[in-house]
Amino acid sequence: KKIMGDYVQLSEDGLSATYTGQTGHEMHGGLVGNYPLAKDGGVHFTVELTKIRKDMMDGLTLGVTTNAPSALDEMTDTIEG
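Okay, so let's go over this structure. (Residues numbered from 1 in each chain as written. Predicted model: local features only at pLDDT ≥ 70, side-chain atom pairs only at ≥ 80, totals over all residues. Heavy atoms only, no water.)

Let's shift gears to the overall build of the protein chain. Looking only at helices and strands, the protein chain features zero helices and four strands. Tracing the protein chain from N to C terminus, the helices and strands come up as β-β-β-β. For the protein chain, buried positions account for 11% of its 81 residues. In the protein chain, 49% of the contacts between residues at least 6 apart in sequence involve partners at least 24 apart. For the protein chain, the exposed surface amounts to about 7400 Å²; the carbon and sulfur share of it is 50%. (Helix = DSSP H or I, 4+ residues; strand = E, 2+ residues; numbered from the N terminus. Buried < 20%, exposed > 50% of the residue type's maximum accessible area, 1.4 Å probe, protein only. Contact = heavy atoms within 4.5 Å. Areas by Shrake-Rupley, 256 points an atom, 1.4 Å probe, with all protein chains shown as cover.)

On to a nonpolar patch on the surface, then. Residues Phe45, Val47, Leu49, Ile52, Leu60, Leu62 and Val64 make up a contiguous nonpolar surface patch of about 720 Å² in total accessible area. Its location among the elements puts Ile52 in the segment after β4 (31-32). Residue class for Ile52 comes out exposed when judged on its relative accessible area of 62%. (Patch = residues over 30% accessible without salt bridge, like charges linked within 9 Å, V, L, I, M, F, W, Y side chains within 5 Å. Salt bridge = Lys/Arg side-chain N within 4 Å of Asp/Glu carboxyl O.)

Mapping Gly14 onto the fold places it in the loop between β2 (8-10) and β3 (17-19). A relative accessible area of 41% places Gly14 in the partly exposed class. Put simply, Gly14 and Gly33 are 19 residues apart on the chain and 9.9 Å apart in space, counted from C-alpha to C-alpha.

Limitation: the analysis is restricted to geometry and does not speak to function.
Okay, structure coming up:
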């Protein structure tokens, strides 16, 4: 089960995502991973931005949760707490 916003397109290999909203104000652009981050002396993940919208005031929001992805039923409108 993939938990993602209405305006996100996930690549075939699941390694990249594209926000598809037309104006940038639609929100609904979140993604939740399928598995918890692996602990190996520390926890990390990598994000690479390949495109940006120069006319937008807001930007990328990243977060980490202790909730298991399976505990979520659906994606919220925004990921801001």
